[in-house]
Amino acid sequence: MAHTSASLMELEERYGAHNYHPLPVVLDRGEGVHVWDVEGKKYYDFLSAYSAVNQGHCHPKIVGALTEQAKKLTLTSRAFYNSKLGEYEKYMSETFGFDKILPMNSGAEAVETAIKIARKWGYEKKGVAENAGIIVVCEGNFHGRTTTIISFSDDQDARANFGPYTSGFVSIPYNDIAALNFALMNENVVGFLVEPIQGEAGVNTPADTFIAQAAELCKERNVLFMADEVQTGIARTGSMLAVCGNCTCGNTCERQSTYSKPDLLILGKALSGGVYPVSAVLADDTVMEVIKPGQHGSTFGGNPIAAEVAMAALEVVKEEGLAPHARELGAYFREKMNDIIGETDLVTKVRGKGLLNAIIINDTPDSSTAWDICVALKDNGLLAKPTHGNIIRFAPPLVMTKEQMDECVAIIRKTLFEFRK
Ligand SMILES: *Cc1c(COP(=O)(O)O)cnc(C)c1O
């Protein structure tokens, strides 16, 4: 039976829990920067599955790694060794410059893992009294959807009626060094968990100095600097990691003075190029050694498919120079958006770094204008999604060419100029 977009949306409506509110488009196929709906209409993907598909849809090298490994060995659990995990762990440690990696699957699991490690480190290494450890987080944060993580969210949709909540978190305003300084006066603080740019909060981009200063403060106070790079990492913001600062070398390299090395680095999303759920926490031995056999784990974490897929996905980032490319194309994109802002009062601002950007729509936060613009963009062949408060995130796959970007800018321009509130 041939399915139409309408009938497929009906199926999801009828049989799926209503925990998302998707844009009305049903995707069937993807290649590079493009996706096609079931009727065959072609779109530019300007969301990249929340920055999971940085390497482009169905990248042949990554899909190749997946299918080859899937034919050979898929899952052993960690009850046994497998022939790919060690190689992957070495590759990850060398690429990101850490002693060790702890492999998980989803981003939220990796954040949970980092929280557990930070607490255990606090009690066993820092000498904080058991159960007194505090992790400082930021207002507007998004770190995933588990019970503990939503306990320190300030998004009421994410939180309301899911209590009782996990305690041990203190929230400070984002991009506020003075507030961090004050929060870290408390000797029970074991970690500072932060997104280098707050993606879900609307690509909330801090002062250039914020991350470096935060990392420095954490070092001074013997607090773990925990960088959630699930969305900002893997070349999205124009360097391998957002904490790399201005370096575009495609690895993390400690030679760079702009590099703020996290004590706990949290990765997910584009670590697999959107092909498979792969996440990771990286740390040096002084931190990672608090985890001993039986104290943490995951049936699928570190499986051989994940190992092969992640190595291929990172190879693509390096081989295709996606970090410097994202930096250049991102600057070009913001320049073009600023031209548009000069000509219409529908958009007030563009912000972001590399190819993680957003435009702020000139309307009240609870109006549907950003959503309506996204529906119009879809009709014109470009897919993007609003974030909180009338903001539209623009995050295409990093493999986009300048010519394709010009086409996308033309679609955005046309849509905004035709749009009637
Ligand atoms: C998406 C995201 C997560 C959660 O990842 P999931 O794979 O959806 O669990 C965590 N942190 C940040 C910054 C994210 O963008």
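First, a word on scope: everything that follows refers to the structure included in this document. Each chain carries its own residue numbering, running from 1 in the direction its sequence is written. Per-residue local features of the predicted model are confined to residues with pLDDT of at least 70, and side-chain atom pairs are confined, for both listing and counting, to 80 or more; whole-chain, interface and lining totals are unaffected and use all residues. Hydrogens and water are ignored here; the side-chain numbers use all heavy atoms of the structure.

Digging into the packing of helix 12 (residues 322-341) against helix 14 (residues 402-418)
Let me state the cut-off plainly: Here an angle of 0 to 180 degrees is reported between the N-to-C directions of two axes, which are lines fitted to C-alpha atoms, with helices fitted over the stretch in contact. Here a helix means four or more residues in a row that DSSP labels H or I, a strand means two or more in a row labelled E, and each is numbered from the N terminus. Should an angle lie under 35 degrees it is considered roughly parallel, over 145 roughly antiparallel, and from 65 to 115 roughly perpendicular; all remaining angles are considered oblique. Here a crossing is taken to be left-handed if its near helix is turned anticlockwise relative to the far helix by less than a right angle, and right-handed if that turn runs clockwise. Residue contacts are counted whenever heavy atoms from the two residues lie within 4.5 Å of one another. Side-chain classes follow a simple rule in which Ala, Val, Leu, Ile, Met, Phe, Trp, Tyr, Cys and Pro form the nonpolar group, Asp, Glu, Lys and Arg form the charged group, and the remainder, Gly included, forms the polar group.
Where helix 12 contacts helix 14, the axes come no closer than 11 Å and their chain directions differ by 25°. Between helix 12 and helix 14, the angle falls in the class roughly parallel. The two elements helix 12 and helix 14 cross, and the hand of that crossing is right-handed. Facing helix 12, whose interface residues are Leu329, Tyr332, Phe333, Lys336, Met337, Asp339 and Ile340, helix 14 presents Lys402, Met405, Asp406, Val409, Ile412, Arg413, Leu416 and Phe417. Within the contact of helix 12 with helix 14, the residues separate by chemical class into 10 nonpolar, no polar and five charged.

Some thoughts on the site of the ligand
Selection criterion: Note on terminology: near, applied to a residue and a molecule or strand, indicates that one of the residue's heavy atoms is within 4 Å of it. Counting of polar contacts relies on pairs of N or O atoms within 3.5 Å, with two restrictions inside protein: one atom must be capable of donating a hydrogen and the other of accepting it, and residues adjacent in sequence are counted only when both atoms are side-chain atoms. Methods summary: accessible areas were calculated by the Shrake-Rupley approach with a probe of 1.4 Å, and residue burial reflects only the protein chains presented.
In the region of the ligand, the neighbouring residues are Ser106, Gly107, Ala108, Phe142, His143, Gly144, Glu195, Asp228, Val230, Gln231 and Lys269. Contacts to the ligand include aspartate 228, whose side-chain N or O atom sits 2.7 Å from a nitrogen atom. Within the side chain of glutamine 231, an N or O atom sits 2.8 Å from an oxygen atom of the ligand. Considered on its own, the ligand offers 380 Å² of accessible surface; in the complex 80% of this is hidden by protein. When its residues are assigned to classes, the shell around the ligand shows three nonpolar, five polar and three charged.

Let's talk about helix 9 (residues 210-221)
Worth spelling out the cut-off: In this analysis, the expected span of each helix is defined as 1.5 Å times one less than the number of residues it contains. Whether a residue is buried, partly exposed or exposed follows from its accessible area with a 1.4 Å probe, protein chains only, as a fraction of its type maximum: under 20%, in between, or over 50%, in that order. Our arc is simply the arc of the directions from the helix axis toward the C-beta atoms.
Taking 1.5 Å per residue as the helical rise, helix 9 with its 12 residues ought to reach 16 Å, and the 16 Å between its terminal C-alpha atoms agrees with that figure. Taken as a whole, helix 9 has its buried residues at Phe210, Ile211, Ala214, Ala215, Leu217 and Cys218. With its buried residues spanning 160° around the axis, helix 9 presents them on a single face. Of the exposed residues in helix 9, the ones pointing more than 90 degrees away from its buried face are Lys219 and Glu220. Asparagine 222 sits one or two residues past helix 9 and shows a positive phi near 60°.

Structural notes on the sheet that holds strand 13 (residues 382-383)
Stated formally: Think of it this way: DSSP has to see at least two bridges between two strands before they count as a pair.
As summarised here, the arrangement of the four strands in space is 1-2-3-13, forming an open sheet in which the pairing is mixed. Two strands bound the open sheet, and with one partner strand each, they are strand 1 (27-31) and strand 13. Sheet strands touched by helix 14: strand 2 (34-37), strand 3 (42-45) and strand 13. Its angle to strand 3, the strand with the most contacts, is close to 100°.

Details of the layout of surface pockets
For clarity, the cut-off: Detection works on a 1 Å grid of protein atoms alone, calling trapped sets that fit a 1.4 Å probe cavities and calling open sets with protein on both sides within 12 Å along at least five of seven lines pockets, with lining residues defined by an atom within 4 Å of a point. Grid points are joined across faces, edges and corners, and a volume is the space filled by probe spheres set on the points.
Looking at the second largest pocket, its volume works out to about 510 Å³. Contributing to the lining of the second largest pocket are 19 residues, with Arg78, Leu102, Pro103, Ile291 and His296 lying nearest its centre. Breaking the lining of the second largest pocket down by element, the ones donating at least two residues are helix 4 (85-96) and strand 4 (100-104).

Quick notes on the packing of helix 3 (residues 60-72) against helix 11 (residues 304-319)
Viewed as axis vectors pointing N to C, helix 3 and helix 11 meet at an angle of 160°, and their least axial separation amounts to 8 Å. Classified by the angle between their axes, helix 3 and helix 11 sit roughly antiparallel to one another. Two packed elements cross with a definite hand, and for helix 3 against helix 11 that hand is right-handed. Of the residues in helix 11, those touching helix 3 at Lys61, Ile62, Ala65, Leu66, Gln69 and Ala70 are Pro304, Ile305, Glu308, Val309, Ala312, Ala313, Glu315, Val316 and Glu319.

Taken by themselves, the reported measurements are silent on function.
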